[in-house]
Amino acid sequence: MEDPRETLVINARIEITTQALESIVENAKRLAGKDSRGRYRVDTAEQVGRMISRFLFEKDFDSFVEDLENYS
């Protein structure tokens, strides 16, 4: 993710719906296409991370975590 702010990559356990995960995997496979053997060559776990990171940047996660009301 290209962003002018300093960032770091973390591993975290998160909870998402099965529908969201299925959509990410299906769309990632659709975009990657199959290779000559009919296999998909896409890291769907990496795609999940990219999608979540993009969402957090676009929805201003920084401001969200600064608000103490969001810690309850």
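Quick note: structure is the one above.
Values in this document were obtained by computation on a predicted structure and should not be read as measured data. (Residues numbered from 1 in each chain as written. Predicted model: local features only at pLDDT ≥ 70, side-chain atom pairs only at ≥ 80, totals over all residues. Heavy atoms only, no water.)

Caption draft 1: Expanded view of the packing of helix α1 (residues 18–32) against helix α2 (residues 44–58). At a minimum axis distance of 10 Å, the contact between α1 and α2 shows a crossing angle of 115°. Note on packing geometry: the crossing formed by α1 with α2 is right-handed. In this structure, α1 uses L21, I24, V25 and A28 to contact α2, whose residues at the interface are T44, Q47, V48 and M51. Grouping the amino acids of the contact of α1 with α2 by side-chain chemistry returns six nonpolar, two polar and no charged. (Axes fitted to C-alpha atoms, helices over the stretch in contact; angles between N-to-C directions. Helix = DSSP H or I, 4+ residues; strand = E, 2+ residues; numbered from the N terminus. Left-handed = near helix turned anticlockwise from the far one by under 90°. Contact = heavy atoms within 4.5 Å. Nonpolar A, V, L, I, M, F, W, Y, C, P; charged D, E, K, R; others polar.)

Caption draft 2: Looking closely at the layout of surface pockets. Estimates place the volume of the largest pocket at around 980 Å³. Lining the largest pocket are 26 residues; nearest its centre among them are L8, I10, G49, S53 and L56. For the lining of the largest pocket, the elements supplying multiple residues, two or more each, are α2 and α3 (61–66). For the lining of the largest pocket, the leading source of residues is α2, giving 12 residues. (1 Å grid on protein atoms, 1.4 Å probe; cavity = no way out; pocket = protein on both sides within 12 Å on 5 of 7 lines; lining within 4 Å. Points joined across faces, edges and corners; volume = space filled by probe spheres on them.)

Caption draft 3: Focus on the pattern of salt bridges. Taken as a whole and judged by the stated rule, the model has five salt bridges. Measuring nitrogen to oxygen at the nearest pair gives 2.7 Å for the salt bridge that ties R30 to E26. Pair noted here: R30 and E26 are both in helix α1, with a separation of four residues, about one helical turn. By relative accessible area, which is 56% here, R30 ends up exposed. (Salt bridge = Lys/Arg side-chain N within 4 Å of Asp/Glu carboxyl O. Buried < 20%, exposed > 50% of the residue type's maximum accessible area, 1.4 Å probe, protein only.)

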